Amino acid sequence: MNHDDKYLRLCGVYALGALDGSDQKNFEAHIQSRCEICGTELAKFTEISDVLYKSLPQFHVQPELRERILFSARLAKVVKSSIQKTGEEPIVLPTVETPPQKAKSQWFVLILLVAVLIMILGFTMYIKSLLNKMDEQREFQNTQQSLLTKYADKLEQQNAIVQLLKSYPLEIIKLDGSLSYSNCSGKIIWNPVNKVGVLQTSNLPTIPDENVYQLWMIKDEKPIDILTFSVSDDSTDENIFLILSKELGEKNQIEEFIITRETRKGAIIPSGELVISVKLNP
Amino acid sequence: MSNGLSKIKNEDFAILERIKQAEETALAELYDQYSPVLYGIAMRVLRSISDAEDILQDVFLQLWNKPDSYQSFGISIGSWLVINTRSRAVAKMLSKGVRHQPHQIDLNNITFFSAEHLPQNEFQSKVIDAFKKITPDQQRILTLICHEGFTIDDVAQILKVTTEQVHKRITEGLRIL
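Residues numbered from 1 in each chain as written. Chains lettered and ligands numbered in written order. Predicted model: local features only at pLDDT ≥ 70, side-chain atom pairs only at ≥ 80, totals over all residues. Heavy atoms only, no water.

Peer 1: Give me the lowdown on the overall build of chain B, citing residues and values where you can.
Peer 2: In terms of helices and strands, chain B carries eight helices and zero strands. Scanning chain B from its N terminus toward the C terminus, one meets helices and strands in the order α-α-α-α-α-α-α-α. Burial statistics for chain B: of 177 residues in total, 53% are counted as buried. Put simply, of all contacts in chain B between residues at least 6 apart along the chain, 64% involve residues at least 24 apart. Just so you have it, chain B exposes about 8100 Å², and 48% of that area is on carbon and sulfur atoms. (Helix = DSSP H or I, 4+ residues; strand = E, 2+ residues; numbered from the N terminus. Buried < 20%, exposed > 50% of the residue type's maximum accessible area, 1.4 Å probe, protein only. Contact = heavy atoms within 4.5 Å. Areas by Shrake-Rupley, 256 points an atom, 1.4 Å probe, with all protein chains shown as cover.)

As structure tokens, then:
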């Protein structure tokens, strides 16, 4: 022990906690060297210092601080015991444990991939169903549009027919089915002045799309194409068609009306099966 | 004088042994006993609640994690905690570059024991009486350090003396007390 008055003079300052930096370290080193004089002085001064600090007006300490410090201590204790435990236990080489960890990792990646694939598949199916729905919607709209067009045409046709029936003069002839179409019949009503007429048929069978019915007028022994039409499924018995032809003249000038079944594009001369015929002026 | 802070060494030894055994109740007891004083010391230096709380946490956890760091210099755990708290608080203040303004201090308006600070027990009464026995200069120095949280350098600047003179007056004052 080497006493030094320099440190004796610092005992009071150190006791107040007012010594800092290298002075503090040197002082502590001196006290640790068991200098009895300074040690005794310090013990005395720390008691006084404690008294002074304790005599000061107190501040309110938040109760949470106690919990915080004790919790930190508990945490440090757990960590410390965990480190000690690790240090005490022999280290076992992970010969068996490593592969399952890898396998676990691989399984995780695999599951992740499967999940991603399922998500992509689900998303694709969702998009596909959306596209299908859009197609269906578009198709529905087209159907509705065509129905509207059809109804508009029909309405226009009906108006034309009403106008025709109101007009004067009118010619009317009755149509009879051929042998193969004996239950079929019809009428042709026309105004020879306006050159507008209407064809009404009954019980004409529906025919495939590649075929059409064609109405001919025989005049001066020559067939004249008047109208090409087909019979739809939704019409049950009767069908009415508007005829606009400059050839629709006086009844006595027309020799015969015939309806044949032709190919889709229609024929130049009657060449298909005869369905209905009526002779006006044989 | 003796008080609750300066425990006899046997008691300190016992509680230190319990801390070495990681008994949380020992730390809790120390905290309950010393935290008001230590918090006051830290607050006077740092003047920041969060910083003061951090200092207290550091001090108690140092004792908890490294109980051997409490070297018995012939001082109690309480004194060790006081010195440690104060020196840590000063170090933190200096590291943050936040200094009190020594030139703004009005020496006529500082007092260790204010008029409204009545002694709460016989012990404090004795301290107040003893404080009156030291010189006004020594009273100012102890007030600036303990009550106002100034460093020795600040005190030397305020009083326009050297740090050695401050050291000397502290020692003389404490001897009288």
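Peer 1: Give a description of the overall build of chain A that names residues and reports values.
Peer 2: Looking only at helices and strands, chain A has five helices and eight strands in total. Each helix and strand of chain A, placed in order from N terminus to C terminus, yields the pattern α-α-α-α-α-β-β-β-β-β-β-β-β. Expressed as a percentage of the 282 residues in chain A, the buried residues total 33%. Taking the intrachain contacts of chain A between residues at least 6 apart in sequence as the baseline, contacts between residues at least 24 apart amount to 61%. Summed over its atoms, the accessible surface of chain A is roughly 18500 Å², and 58% of this surface lies on carbon and sulfur atoms.

Peer 1: Break down the nonpolar core for me, with residues and values.
Peer 2: Judged by nonpolar contacts, the single largest core of 81 residues is most densely connected at Leu-16 of chain A together with Ile-145 of chain B. If one sorts the elements of this core by residue count, helix α2 (residues 24-46) of chain B sits on top with 14 residues. Among residues more than four places away in sequence, those in contact with Ile-145 of chain B are Leu-16, Ala-18 and Tyr-53 of chain A together with Arg-86, Phe-150, Ile-152, Val-155 and Ile-170 of chain B. Grouped together as the second largest cluster of nonpolar side chains are 27 residues, Ile-188, Phe-241, Ile-254 and Phe-257 of chain A included. (Core = buried A, V, L, I, M, F, W, Y, C linked by side-chain atoms within 4.5 Å.)

Peer 1: Residues and numbers for empty space enclosed by the protein, please.
Peer 2: All names here are of chain B. Enumeration over the complete set of coordinates arrives at one cavity of 30 Å³ or more. If you add up the space inside the largest cavity, you get close to 40 Å³. The element best represented in the lining of the largest cavity is α2, accounting for five residues. Of the residues contributing to the lining of the largest cavity, the split by class is seven nonpolar, two polar and one charged. (1 Å grid on protein atoms, 1.4 Å probe; cavity = no way out; pocket = protein on both sides within 12 Å on 5 of 7 lines; lining within 4 Å. Points joined across faces, edges and corners; volume = space filled by probe spheres on them. Nonpolar A, V, L, I, M, F, W, Y, C, P; charged D, E, K, R; others polar.)

Peer 1: Quick rundown of the interface of chain A and chain B? Include the residues and the values.
Peer 2: A common measure of how large an interface is: the accessible area buried when the components associate. With 49 residues of chain A at the interface, the matching set in chain B holds 58 residues. For the pair chain A and chain B, the summed buried area comes to about 5000 Å², and 67% of that belongs to carbon and sulfur atoms. Where chain A touches chain B, the interface holds five salt bridges. The residue Asp-32 of chain B makes a salt bridge to Arg-66 of chain A at a minimum N-O spacing of 2.7 Å. Inspection of the chain A/chain B interface yields 14 residue pairs in polar contact (both at pLDDT 80 or more). With 15 residues, the single largest contributor to the side of chain A that touches chain B is helix α3 (residues 36-55) of chain A. In terms of residue class, the side of chain A that touches chain B is made up of 25 nonpolar, twelve polar and twelve charged. (Buried area = accessible area lost by both parts, 1.4 Å probe. Salt bridge = Lys/Arg side-chain N within 4 Å of Asp/Glu carboxyl O. Polar contact = N/O pair within 3.5 Å; in protein donor to acceptor, adjacent residues only side chain to side chain.)

Peer 1: Break down helix α1 (residues 9-20) of chain B for me, citing the residues and quoting the values.
Peer 2: Residue and element names in this part refer to chain B. For α1, with twelve residues, the first-to-last C-alpha span of 16 Å sits near the 16 Å given by 1.5 Å per residue. Along α1, the positions that sit buried rather than exposed are Asp-12, Ile-15, Leu-16 and Ile-19. Buried residues of α1, viewed axially, fall in a sector of 105°; they line one side. Looking at α1, the residues exposed on the side facing more than 90 degrees away from the buried face are Asn-10 and Phe-13. Contacts made by the buried residues of α1 are with α2, α3 (49-65) and α4 (77-96). Within two residues after α1, Ala-22 carries a phi angle of roughly 60°, on the positive side. (Expected span 1.5 Å × (residues − 1). Arc of directions from axis to C-beta.)

Peer 1: Describe a nonpolar patch on the surface, listing the residues and the values that go with them.
Peer 2: All names here are of chain A. A cluster of nonpolar side chains, namely Phe-108, Val-109, Leu-112, Leu-113, Val-116, Leu-117 and Ile-120, defines an oily patch on the protein surface of about 680 Å² accessible area. By secondary structure assignment, the location of Val-116 is in helix α5 (residues 98-166). Under the relative-accessibility criterion, Val-116 is labelled partly exposed at 39%. (Patch = residues over 30% accessible without salt bridge, like charges linked within 9 Å, V, L, I, M, F, W, Y side chains within 5 Å.)

Peer 1: Tell me about the pattern of salt bridges, residues and numbers included.
Peer 2: Evaluated as defined, the whole model comprises 18 salt bridges over all chains. Two residues, Asp-176 of chain A and Lys-174 of chain A, come together in a salt bridge whose shortest N-O distance is 3.3 Å. Assessed through its relative accessible area of 53%, Lys-174 of chain A is described here as exposed. Beyond isolated ion pairs, a larger network of salt bridges with shared partners links Glu-41 and Lys-44 of chain A together with Arg-175 of chain B.

Peer 1: Summarise unusual backbone geometry; cite the residues concerned and give the values.
Peer 2: Residue and element names in this part refer to chain A. In this structure, the amide linkage connecting Tyr-168 to the following residue, Pro-169, adopts the cis form with an omega of 0°. The topology assignment puts Pro-169 in the loop between α5 and β1 (171-177). A positive phi is found at Lys-195, a non-glycine position, where the angle reads about 65°. Relative to the helices and strands, Lys-195 is located in the loop between β2 (185-191) and β3 (196-202). On the basis of relative accessible area, Lys-195 is assigned to the partly exposed category, the value being 30%. Even without being a glycine, Asn-203 presents a positive backbone phi close to 65°. By the secondary structure assignment, Asn-203 is in the loop between β3 and β4 (211-219).

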